[in-house]
Amino acid sequence: MEVPLYLSSRFRAFAASAALMAASAIAQAQQALPNVMILATGGTIAGAGASALNSATYAAAKVGVDKLIAGLPELGKVANVKGEQVFQVASESMTNEHLLTLAKRVAQLAKQPDVDGIVITHGTDTVEETAYFLTLTVHTDKPIVMVASMRPGTALSADGALNLYDAVVVAGSKDARGKGVLLTMNDTIQSGRDVSKNVNIVPSAFSSQWGPLGMVVEGRSYWFRAPVKRHTVNSEFDIEQISTLPPVEVVYSYAGVSTTAVDAVAKSGVKALIHGGPGNGSVADRIVPRLQAARESGVVVIRSSRVPDGFVIRNAEQPDDKYDWVVAHDLRPQKARILAMVALTKTSDTKELQRIFWEY
Ligand code: DAS
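Report follows, based on the coordinates. Bear in mind the structure is a predicted one, so any value in this text is a computation, not a measurement.

Rules behind the numbers
Residues numbered from 1 in each chain as written. Predicted model: local features only at pLDDT ≥ 70, side-chain atom pairs only at ≥ 80, totals over all residues. Heavy atoms only, no water. Axes fitted to C-alpha atoms, helices over the stretch in contact; angles between N-to-C directions. Helix = DSSP H or I, 4+ residues; strand = E, 2+ residues; numbered from the N terminus. Parallel < 35°, antiparallel > 145°, perpendicular 65-115°, else oblique. Left-handed = near helix turned anticlockwise from the far one by under 90°. Contact = heavy atoms within 4.5 Å. Patch = residues over 30% accessible without salt bridge, like charges linked within 9 Å, V, L, I, M, F, W, Y side chains within 5 Å. Areas by Shrake-Rupley, 256 points an atom, 1.4 Å probe, with all protein chains shown as cover. Salt bridge = Lys/Arg side-chain N within 4 Å of Asp/Glu carboxyl O. Buried < 20%, exposed > 50% of the residue type's maximum accessible area, 1.4 Å probe, protein only. 1 Å grid on protein atoms, 1.4 Å probe; cavity = no way out; pocket = protein on both sides within 12 Å on 5 of 7 lines; lining within 4 Å. Points joined across faces, edges and corners; volume = space filled by probe spheres on them. Nonpolar A, V, L, I, M, F, W, Y, C, P; charged D, E, K, R; others polar. Near = heavy atom within 4 Å. Polar contact = N/O pair within 3.5 Å; in protein donor to acceptor, adjacent residues only side chain to side chain. Sits in = over half its atoms within 2 Å of the grid points.

### Here we look at the packing of helix 5 (residues 127-137) against helix 10 (residues 333-344)
Packed helices, taken two at a time, are described by the angle between their axes plus the distance between the axes. Packing of helix 5 against helix 10 leaves a shortest axis separation of 9 Å and a crossing angle of 30°. It follows from the interaxial angle that helix 5 and helix 10 lie roughly parallel. Note that helix 5 runs across helix 10; the crossing there is right-handed. Contacts between helix 5 and helix 10 involve Glu128, Glu129, Tyr132, Phe133, Leu136 and Thr137 from the former and Gln334, Lys335, Ile338, Leu339 and Val342 from the latter.

### Let's talk about a nonpolar patch on the surface
The grouping of Met215, Val217, Tyr222 and Phe224 at the surface amounts to a nonpolar patch, some 380 Å² of accessible area in total. Along the chain, the position of Val217 falls in strand 11 (residues 214-217). Relative accessible area serves as the criterion here: at 39%, Val217 is assigned to the partly exposed category.

### Some words on the pattern of salt bridges
Applying the stated criterion across every chain, the model contains 18 salt bridges. With a closest N to O distance of 3.7 Å, Arg225 and Asp194 form a salt bridge. With Arg225 in the loop between strand 12 (220-223) and strand 13 (248-252) and Asp194 in the loop between strand 8 (188-191) and strand 9 (196-197), this residue pair connects regions lying 31 residues apart in the sequence. For Arg225, a relative accessible area of 26% corresponds to the partly exposed category.

### Considering the layout of surface pockets
Its volume calculated, the largest pocket comes out at about 300 Å³. As for the largest pocket, its lining consists of 19 residues, and the residues nearest its centre are Ile45, Leu68, Gly153, Gly160 and Ala161. Mapped by element, the contributors of at least two residues to the lining of the largest pocket are helix 2 (65-70) and helix 6 (160-171). In terms of residue count, helix 6 provides more of the lining of the largest pocket than any other element does, three residues in total. Classifying every residue of the lining of the largest pocket by side-chain character gives 10 nonpolar, seven polar and two charged. Of the voids in this model, the second largest pocket is the one considered here, and its volume is about 240 Å³. Taken together, 17 residues make up the lining of the second largest pocket; nearest its centre are Thr44, Tyr58, Thr124, Asp125 and Lys197.

### Here's the deal with the site of the ligand
With respect to spatial proximity, the complete set of residues near the ligand consists of Gly43, Thr44, Tyr58, Ala90, Ser91, Glu92, Gly123, Thr124, Asp125 and Ser149. Thr44 is positioned such that a nitrogen or oxygen atom in its backbone is 2.8 Å from an oxygen atom of the ligand. Take Glu92: an N or O atom from its side chain is 2.7 Å from a nitrogen atom of the ligand. Protein chains bury 91% of the 270 Å² of accessible surface belonging to the ligand in isolation. Among the detected pockets, the ligand sits in the second largest pocket. Looking at side-chain class alone, the shell around the ligand contains two nonpolar, six polar and two charged residues.

### Digging into empty space enclosed by the protein
According to the stated counting rule, one finds two cavities of 30 Å³ or more in the structure shown. By volume, the largest cavity is sized at about 110 Å³. Lining the largest cavity are 14 residues, with Asp194, Ser196, Gln209, Asp330 and Arg332 positioned closest to its centre. Among the residues forming the lining of the largest cavity, the class breakdown is four nonpolar, four polar and six charged. Size it by volume and the second largest cavity reaches roughly 50 Å³. Along the walls of the second largest cavity sit Thr135, Lys179, Gly180, Val181, Ser191, Gly192, Arg193, Pro227, Lys229, Arg230 and His231, which together make up its complete lining.

Spelled out as structure tokens, the structure:
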């Protein structure tokens, strides 16, 4: 009686070698994929709401990084991903210590030859500040890509999954190297230095007055420009030489502003005071002497503008040279504070500080 082919030893040997070949092909394919670390810090992208209709009412910083990765199996098609929960906070509650911890961990991982790129999941409220801090202090040209979401994963039309997928695509892309810290949101690739949250409730919340650097569409990144300000490997600031950040506070200004806030901040032990004024960073006549007194007491005074776009012109309505004040260029008050803290770890000379604000 004829032995059925599928039982013959020859077929079994063939089947075994075919399985081996398939396994090695899969292993080779995996080896060909970039290795991307996902560092999780919290925020809405790790949020959960009571129902699919809760796109704005939910608890942030609830879902762990392993669950985020498990919920997106498509990641395995574009990279070998590993997750690490650095902390789990809503980003409005971030502190200088969180910034230092995160930056040091990113710098450590970037040195590892088995890490090709790093993704950081983060809350939307202050991701622009963290992104700027990292771009100023982490010395690597490997892609560091921040990502957040405006809606929790439990909501209808949640944006986190595609934002995260895009972030991993970019973090694994060789053409993302050397472009500074990036943010992927709503199909765009933004510069960590330039980007801000400009709308508080829609997926298209993030933009920069200088435009996005590129876009990610169906797992492919497309680039249209590169940053011109100093960053990462070209920065004179290195997180490995920073152990603490000096106190710097922001004072917001408006019609009718009293001297209460500026006096309190000036006397609080800050090393610098960011004045977020209207227009070209204007300073009310009753505030000018308070800032001059702060300067005379050794506090660095930095004029920024509450106006989202444009940039502060030096010596326009305010004689910055005469008052020995610094202008924040195009940086909004919250970003000017980040640069001031980093710069003050090296110098409090106002001419040096002004150079730094032009260059970074
Ligand atoms: N509270 C916000 C934050 O953690 C939630 C978010 O939008 O990510 O920044």
